[in-house]
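Descriptive structure summary
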Amino acid sequence: MAEKEISQTVISRLPRYFRYLGELKDKGVERVSSQELSRLMTVTASQIRQDFNNFGGFGQQGYGYNVAYLYHEIGKILGLDQPHHLIIIGAGNLGQALANYMNFERRGFLFKGIFDHDPSLYGKEVRGLAVQPMENMERFIEEHEIDIAVLTIPKAGAVAAAELLVKSGIKAIWNFAHVDLNVPDRIQVENVHLTDSLMKLSYNINRQQDGGRQESRCSDEEDG
């Protein structure tokens, strides 16, 4: 029987479910209904049930969901029941900030190395690991069974770095460079374009302001 194809929209909600369930578990909550989860997450209870039914349901009629069990099962679906080794390409401010973010390790993402093109950074320690030249990266990936590369270098060098990562046998790239990467389908890419998020905020601010101005004009016209 063929495995059911799950939409990326559903998958994109799983980390948020995992986060909220983790918070409930830490508070000692043993079970939760879809309605209770809906109020916490501002996702409809119907949507929650539909999402979970893609993976077998997890709940019991009249009981709801066992928080610890559901948290564990969603973690397995997300692949968090096994560690992932990652390296960072780019030892600038963003690369160093990501390397020092402790929550990655609590989720099983283990920081193994950091690389850069800039000779002035070689040997500088980030989270106890020395920055290495890019020339060492291919061998390092093989020797340390690296799954994920985090790309935090400028756009100009990102494409060449991605080509080297493909050659090195990387499985996935978390891409913070402001460029879309053309890599084989076997390599998973998650793009994080920070300025895109800011522009979305800008759009929503402007839309809200325009809406306020529109309401004000309508009010003035009515008063007139």
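Everything that follows concerns the structure shown earlier in this document.
Residues numbered from 1 in each chain as written. Predicted model: local features only at pLDDT ≥ 70, side-chain atom pairs only at ≥ 80, totals over all residues. Heavy atoms only, no water.

Focus: the environment of Tyr101
By the secondary structure assignment, Tyr101 is in the loop between α5 (93-99) and α6 (103-106). Looking at Tyr101, the relative accessible area reads 42%, which means it is partly exposed. Separated by 26 residues in the primary sequence, Tyr101 and Arg127 have C-alpha atoms spaced 9.5 Å apart. (Helix = DSSP H or I, 4+ residues; strand = E, 2+ residues; numbered from the N terminus. Buried < 20%, exposed > 50% of the residue type's maximum accessible area, 1.4 Å probe, protein only.)

Some points on the packing of aromatic side chains
Per the counting criterion, the structure on display carries 9 aromatic pairs. Plain terms: the ring middles of Phe52 and Phe58 are 6.0 Å apart, the flat faces sit at 75 degrees to each other, and that makes the pair edge-to-face. One exposure class covers both Phe52 and Phe58, and it is buried. Chaining the aromatic ring pairs together yields one cluster made of Tyr17, Phe52, Phe58, Tyr65 and Tyr69. (Phe/Tyr/Trp six-rings, centres within 6.5 Å; stacked < 30°, edge-to-face > 60°.)

Side note on helix α2 (residues 34-41)
Looking at α2, one finds that the buried residues are Ser34, Leu37, Ser38 and Met41. Considered in projection along α2, the buried side chains sweep an arc of 105 degrees and stay on one side of the axis. Next to the buried residues of α2 lie α1 (8-26), β1 (31-32), α3 (45-53) and β2 (65-66). Positive phi appears at Thr42, one or two residues downstream of α2, with a value of about 55 degrees. (Arc of directions from axis to C-beta. Contact = heavy atoms within 4.5 Å.)

Regarding the pairing of strand β7 (residues 148-151)
Neither face of β7 is exposed, since Ile148 and Val150 on one face and Ala149 and Leu151 on the opposite face are all buried. Looking at chain direction, strand β3 (residues 84-89) and β7 are connected through 4 bridges and run parallel. Bridging across to β7, Ile87 finds its partner in Ala149. Here β7 pairs with strand β8 (residues 172-175) via 4 bridges, running parallel. Residue pairing for β8: Ala149 is matched across the bridge by Ile173. The β-α-β motif built from β7, the intervening helix α8 (residues 155-168) and the parallel element β8 has right-handed crossover chirality. (Pairing = 2+ DSSP bridges. Right-handed = clockwise from strand over helix to strand, strands pointing away.)

Some details on α1
Three or four residues apart is the spacing at which side chains of an α-helix point the same way, because the helix has 3.6 residues per turn. The terminal C-alpha atoms of α1, which comprises 19 residues, lie 28 Å apart, in line with the 27 Å expected from a rise of 1.5 Å per residue. The secondary structure elements touched by the buried residues of α1 are β1, α2, α3 and α4 (67-77). Count one or two residues on from α1 and you reach Gly28, which has phi positive near 85 degrees. (Expected span 1.5 Å × (residues − 1).)

Observations concerning the sheet that holds strand β5 (residues 125-126)
The 7 strands lie next to each other as β5-β6-β4-β3-β7-β8-β9, forming an open sheet whose pairing is mixed. The open sheet has two free edges, formed respectively by β5 and β9 (188-191), since each of these has just one partner strand. Helix-sheet contacts for α8 involve β3, β7 and β8, and the interaxial angle to β7 is about 170 degrees. (Axes fitted to C-alpha atoms, helices over the stretch in contact; angles between N-to-C directions.)

With respect to the packing of α2 against α3
Between α2 and α3, the least distance of the axes is 8 Å, while the angle of their chain directions is 110 degrees. Taken together, the axes of α2 and α3 are roughly perpendicular relative to one another. α3 is crossed by α2, and the crossing has right-handed handedness. Here Ser34, Gln35, Leu37 and Ser38 of α2 come into contact with α3, specifically with Ala45, Ile48, Arg49 and Phe52. (Parallel < 35°, antiparallel > 145°, perpendicular 65-115°, else oblique. Left-handed = near helix turned anticlockwise from the far one by under 90°.)

Notes on the nonpolar core
Counting residues in hydrophobic clusters, the biggest one holds 23 residues, and the most contacted among them are Ile87, Ile89, Met137, Leu151, Leu165, Ile170 and Ile173. Contributing elements (two or more residues each) for this core: β3, α7 (137-143), β7 and α8. Per-element accounting of this core gives the leading share, 5 residues, to α8. Contact partners of Ile170, with chain neighbours within four places excluded, come to Ile141, Ile146, Asp147, Ile148, Ala149, Leu165 and Ile187. (Core = buried A, V, L, I, M, F, W, Y, C linked by side-chain atoms within 4.5 Å.)

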